[in-house]
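# Architecture at a glance
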Amino acid sequence: VQLVESGGGLVQPGGSLRLSCAASGFTFSIYVMRWYRQAPGKERELVATIRSGGGITNYADSVKGRFTISRDNAKNTVYLQMNSLKPEDTAMYYCNGVWGNYDYWGQGTQVTVSS
């Protein structure tokens, strides 16, 4: 089982990034997929959720209207499009997949928003 995030980096305030999380080793299409983030010295925060069919999504208030979660079940990949980035979005971003008692995590990708 693997979840591999990519797409992080350094971006200026107001910029955009698109994170990807490639899944393998499990039936991706039936899993609820989530993006979390954790900034230094802070607790891990749930950023966005997408249900297995992709039709239902939820967002933290702090990112609503700026971030969009999506999935491509044919490619076993979940995405996080991040627009209008702010310095407070700086964090390690983690991909998570859950189905019943099965709970998988990626290794994270760093996002830094700074001028």
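## Some details on the pattern of salt bridges
A complete count under the given rule lists 4 salt bridges for this structure. The partner of Arg-37 in a salt bridge is Glu-45, with the nearest N and O atoms 2.8 Å apart. For Arg-37, a relative accessible area of 7% corresponds to the buried category. The shortest N-O distance in the salt bridge between Asp-89 and Arg-37 comes to 2.9 Å. Of the two residues, Asp-89 sits in the loop between strand 8 (77-82) and strand 9 (91-99) while Arg-37 sits in strand 4 (residues 32-38), which places them 52 residues apart along the sequence.

## Re unusual backbone geometry
Its identity as a non-glycine residue notwithstanding, Asn-76 has a phi of 55°, on the positive side. Inspection of the secondary structure assignment puts Asn-76 in the loop between strand 7 (67-72) and strand 8. Positioned with a positive phi, Ser-84 is a non-glycine residue whose angle comes to about 50°. Among the structural elements, Ser-84 can be located in the loop between strand 8 and strand 9. We classify Ser-84 as partly exposed; its relative accessible area is 41%.

## So, the pairing of strand 8
Within strand 8, 5 of the 6 residues are buried, which leaves it mostly tucked inside the rest of the structure. When strand 3 (residues 17-24) meets strand 8, the two strands line up antiparallel, connected through 6 bridges. Bridge pairing links Ala-22 to Thr-77 in strand 8. Two strands pair when backbone bridges link them, and strand 7 and strand 8 are joined in this way by 6 bridges, in the antiparallel orientation. Looking at the pairing, Ile-69 lines up with Leu-80 of strand 8. The antiparallel pairing of strand 7 with strand 8 creates a hairpin that spans 4 residues between the two strands, and Asn-76 there sits at a positive phi of about 55°.

## Observations regarding a nonpolar patch on the surface
Side chains of Ile-30, Trp-99 and Tyr-102 sit close together on the surface and give an oily, nonpolar patch of about 310 Å² of accessible area. Mapped onto the elements of the fold, Trp-99 is located in strand 9.

Conventions adopted
- Residues numbered from 1 in each chain as written.
- Predicted model: local features only at pLDDT ≥ 70, side-chain atom pairs only at ≥ 80, totals over all residues.
- Heavy atoms only, no water.
- Salt bridge = Lys/Arg side-chain N within 4 Å of Asp/Glu carboxyl O.
- Buried < 20%, exposed > 50% of the residue type's maximum accessible area, 1.4 Å probe, protein only.
- Helix = DSSP H or I, 4+ residues; strand = E, 2+ residues; numbered from the N terminus.
- Pairing = 2+ DSSP bridges.
- Patch = residues over 30% accessible without salt bridge, like charges linked within 9 Å, V, L, I, M, F, W, Y side chains within 5 Å.
- Areas by Shrake-Rupley, 256 points an atom, 1.4 Å probe, with all protein chains shown as cover.

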